[in-house]
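Survey of secondary and tertiary structure
Single-letter residue listing:
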Amino acid sequence: MEYVSEMLKMSVSGYNKIENNFNNISLAKLLEIQKVLDVPLNDLIEIKNGTYFNQTLKDNAVGYQQETQHLYQENKDIVNKLVKAYQDEIAYLRKQLELK
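Let us look at the structure shown here.

Analysis parameters
Per chain, residues are indexed from 1 in the order of the written sequence. Totals for whole chains, interfaces and linings use every residue, but because this is a predicted model, local features are given only for residues with pLDDT of at least 70 and side-chain atom pairs only at 80 or more, for both listing and counting. No hydrogens and no water enter the side-chain calculation; it runs on all heavy atoms of the structure. By nonpolar core we mean a set of buried residues, namely Ala, Val, Leu, Ile, Met, Phe, Trp, Tyr and Cys, connected to one another through side-chain atoms within 4.5 Å. The buried label applies to any residue whose accessible area, calculated with a 1.4 Å probe on protein chains only, is under 20% of its type's maximum; exposed applies above 50%, and partly exposed to all values in between. We call two residues contacting when some pair of their heavy atoms lies within 4.5 Å. When a carboxyl oxygen of Asp or Glu is within 4 Å of a side-chain nitrogen of Lys or Arg, the pair counts as a salt bridge. Numbering of helices and strands runs from the N terminus, with a helix taken as a DSSP run of H or I at least four residues long and a strand as a DSSP run of E at least two residues long. As used here, the arc is the angular range of directions from the helix axis to the C-beta atoms.

This part is about the nonpolar core. With five residues, the main nonpolar core is built from V4, L8, Y15, I18 and I33. When residues no more than four places from it in sequence are discounted, the contact partners of I33 are L8, Y15, I18, I25 and L44.

Okay, structure coming up:
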């Protein structure tokens, strides 16, 4: 965690909040994390429909349940935008190669 937070130029506690879903992040930050971790993007954002449970262990352990349908749709929109951007970039690069 320290290595990743250092590579992202952020505090360990800030990165910890991202890992534990306490902070929303921008698409740019998500891509930075993907680059540092060297994993496919869909490994970072894959969410299945359903319900998941999260428990925070503090002085009084508190658990909560959250529906993931809306998260799935938000991530689906992001993935579609990324795919479109990659397709555009591939088309551009192919065009550049044809010019050579």
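Here the narrative resumes.
A word on the pattern of salt bridges. Tallying each qualifying case throughout the model produces two salt bridges. For E32, the salt bridge is made with K29, and the minimal N-O distance between the two is 3.7 Å. One end of the pair, E32, and the other, K29, are both in helix α3 (residues 27-37), three residues apart, so they sit about a helical turn from each other.

Let's shift gears to helix α2 (residues 12-19). Note: α-helices contain 3.6 residues per turn, so residues at a spacing of three or four share the same orientation. Those residues of α2 not exposed but buried are G14, Y15 and I18. The arc that holds every buried residue of α2, seen down its axis, measures 95 degrees, which confines them to one face. Elements in contact with the buried residues of α2: α1 (2-7) and α3. Positive backbone phi, approximately 60 degrees, marks N21, located one or two places after α2.

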